[in-house]
Amino acid sequence: MISTVITISVRRLLHNPVELLLTFVVPVVFFSVFALIFGSGIGIGRTPKVKVAIATTDHNDSSRSLAEALADSDGLRVLALENGDKTQGKKKHPVQQDINRVTDAVRKGTVAIGILIGRDKSGSLKAELLTDASDQVAPQVVSAIVSREIAIAETRFAQMNGEALLVRKPSVEHPSADNSEGSEVERATSRDSDVGDRMLPTESVSIIDVMSDGKSNPVVSLYAAGIAVMFLLFGASGGGGVLLEERENTTLDRLLSSQLTMDQLLLGKWFYLTLLGFVQVTMMFLWGQIVFGIDLLGHLDGFIMMTLVTSGAAAAFGLFLATLCKTRGQLNGLSVIMILTMSALGGSMVPRYVMSEKMREMGLWTFNAWALDGYDKVFWRELPVESLWPQLAVLMGCGVAFLLVARALAVRWEFN
């Protein structure tokens, strides 16, 4: 009898496409997504090239040489900033003289790190890294690269000036002949110690966070946005599945036999799901403000704009999935795969700064990434609402496109 139970269970599995999908396809899909993310990033000891901008605080040759050496580094992608913080490709001498422009580029997210090169009071090369605390990987990578290049530049400077790089002290068995030789060795040793001190990374490179000063727990708002967008999609797909239930129990036929049209039905569902999603995200951020100190009231205008548009796009996506499927079981399987994949690529699960450049570009095909970029501008970078127009335009375009496709797919219900 045990073998009979096993046989029945196997046959049921083979005749259930959704269960087969969730059992064998979903794990492979997620393994592939995370392998692509971490297989090209920090997971194998390599990180993507970090976007940086370089400025010099003085005009000497050593600072310019250090900047050019950093521009040739394999781990950095040096951008030349133009007016309006527009970026171009890597130039031969991508060194800025306007420090304020570099600082603004870090604040706006145009670059991950701003590097300010100069000299300290003792004449040694130094570098200040203007960082964004939301990216926890880039400062460590850039700090190591800059420290190495400063050490190389200081060593080259010492060689050009004839300073002793390695001094061998006299052995005990063969003491120096007179005090003059001893004093000369001591002076050479002192010079060598000065060169070594200038090459210490802890003294030559300092990290300055230009983003989180004076803010009330802004990083939590980024995590809240990532979770909120993902659950918006799940909620919208579940709400859209009501259409399939109404189709199965003939409620949809009775509704369409009245004066209600399919356009009115879909728009009514869309408005309801949009309002429900807006309330859902608002409750999450209100909880974040009460418990974790998120500054929601200080960014209320940007929050309302982003949440309304994101909720509308998610609602349209849920209706699109519902009209695409024939049964609730198909919708459950398809929605799990698509939503989790979009969330992984778009940054709801994994921070986008650990992804390679290609993975980031792939993430832009999901509206998760655009929504998170908008919330990042509102809560973290504190940019004016006018700067949200690219994210708002893309999300509204996605919402309109999904609604139009859902309406086209719903035609079959009108004629059946």
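Residues numbered from 1 in each chain as written. Predicted model: local features only at pLDDT ≥ 70, side-chain atom pairs only at ≥ 80, totals over all residues. Heavy atoms only, no water.

1. So, the overall build of the protein
Here comes step 1: Looking only at helices and strands, one finds 16 helices and six strands in the protein.
Here comes step 2: Taking all 416 residues of the protein together, 42% fall into the buried category.
Here comes step 3: Restricting to contacts in the protein with at least 6 residues of sequence separation, those with at least 24 account for 72%.
Here comes step 4: For the protein, the accessible area works out to roughly 21,800 Å², and carbon and sulfur atoms hold 62% of it. (Helix = DSSP H or I, 4+ residues; strand = E, 2+ residues; numbered from the N terminus. Buried < 20%, exposed > 50% of the residue type's maximum accessible area, 1.4 Å probe, protein only. Contact = heavy atoms within 4.5 Å. Areas by Shrake-Rupley, 256 points an atom, 1.4 Å probe, with all protein chains shown as cover.)

2. Section: the packing of helix 10 (residues 262-292) against helix 15 (residues 389-409)
Here comes step 1: Contact geometry of helix 10 with helix 15 gives a least axis separation of 11 Å together with a crossing angle of 140°. The pairing of helix 10 with helix 15 is recorded here as oblique in orientation. In this structure, helix 10 meets helix 15 at a crossing whose hand is right-handed. Note on element contacts: helix 15 touches helix 10 through Leu403, Ala406 and Arg407, opposite Met262, Asp263, Leu266 and Trp270.
Here comes step 2: Classifying every residue of the contact of helix 10 with helix 15 gives five nonpolar, no polar and two charged. (Axes fitted to C-alpha atoms, helices over the stretch in contact; angles between N-to-C directions. Parallel < 35°, antiparallel > 145°, perpendicular 65-115°, else oblique. Left-handed = near helix turned anticlockwise from the far one by under 90°. Nonpolar A, V, L, I, M, F, W, Y, C, P; charged D, E, K, R; others polar.)

3. What about the packing of aromatic side chains?
Here comes step 1: If you walk through the whole model with that rule in mind, you get twelve aromatic pairs.
Here comes step 2: Pairing Phe231 with Phe234 gives two aromatic rings, centres 6.3 Å apart and planes at 55°, and the pair type is tilted. Taken together, the residues Phe231 and Phe234, both in helix 8 (residues 218-248) and three residues apart, mark about one turn of the helix.
Here comes step 3: Accessibility expressed as a relative area gives 42% for Phe231, which makes it partly exposed.
Here comes step 4: Grouped by ring-pair contacts, the aromatic residues Phe285, Phe303, Tyr375 and Phe379 constitute a single cluster. (Phe/Tyr/Trp six-rings, centres within 6.5 Å; stacked < 30°, edge-to-face > 60°.)

4. Observations concerning the nonpolar core
Here comes step 1: Counting 50 residues, the largest nonpolar core has Phe285, Phe317, Tyr375 and Phe379 as its most contacted members.
Here comes step 2: Contributions of two or more residues to this core are made by helix 8, helix 10, helix 11 (300-324), helix 12 (328-346), helix 14 (367-380) and helix 15.
Here comes step 3: Once residues lying within four places of it in the same chain are set aside, the contact partners of Tyr375 are Leu222, Ala225, Val229, Val281, Phe285, Phe303, Met306, Thr307, Thr310 and Trp380.
Here comes step 4: Counting residues in hydrophobic clusters, the runner-up holds 24 residues, among them Val50, Ile54, Ala71 and Leu129. (Core = buried A, V, L, I, M, F, W, Y, C linked by side-chain atoms within 4.5 Å.)

5. Details of the confidence of the model for the protein
Here comes step 1: Of the residues in the protein, 80% reach a pLDDT of 70 or more, and the chain-wide mean stands at 77.
Here comes step 2: No element of the protein has a lower mean pLDDT than helix 6 (residues 179-198), at 42, and none a higher one than helix 15, at 93.
Here comes step 3: Counting interchain partners and residues more than four positions distant, the pLDDT-below-50 stretch residues 84-92 has 19 contacts.
Here comes step 4: Here residues 164-202 is a poorly scored stretch, pLDDT under 50, and it has 28 contacts once near neighbours within four places are set aside; other chains count. (pLDDT = per-residue confidence, 0-100.)

6. Remarks on the pattern of salt bridges
Here comes step 1: The tally for this structure, following the rule as stated, stands at five salt bridges.
Here comes step 2: Here Glu246 makes a salt bridge to Lys269, at a shortest N to O gap of 3.1 Å. With Glu246 in helix 8 and Lys269 in helix 10, this pair connects stretches of sequence that are 23 residues apart.
Here comes step 3: For Lys269, a relative accessible area of 18% puts it in the buried group.
Here comes step 4: Of the charged contacts in the structure, one is a salt bridge between Arg407 and Asp263, with a shortest N-O distance of 2.3 Å. Taken together, the positions of Arg407 in helix 15 and Asp263 in helix 10 put the pair 144 residues apart, joining distant regions of the chain. (Salt bridge = Lys/Arg side-chain N within 4 Å of Asp/Glu carboxyl O.)

7. Re the environment of Ser348
Here comes step 1: One can find Ser348 in the loop between helix 12 and helix 13 (357-363).
Here comes step 2: Take Ser348: its relative accessible area is 10%, and that puts it in the buried class.
Here comes step 3: Along the sequence, Ser348 and Ile227 sit 121 residues apart, while their C-alpha atoms lie 6.1 Å from each other.
Here comes step 4: A distance of 3.4 Å separates the side chain of Ser348 from the side chain of Asn368, its partner in a polar contact. (Polar contact = N/O pair within 3.5 Å; in protein donor to acceptor, adjacent residues only side chain to side chain.)

8. Remarks on a nonpolar patch on the surface
Here comes step 1: Judged by side-chain polarity, Ile2, Ile6, Val10 and Leu14 come together as a nonpolar surface patch covering roughly 420 Å² of accessible area.
Here comes step 2: Mapping Val10 onto the fold places it in helix 1 (residues 2-14). (Patch = residues over 30% accessible without salt bridge, like charges linked within 9 Å, V, L, I, M, F, W, Y side chains within 5 Å.)

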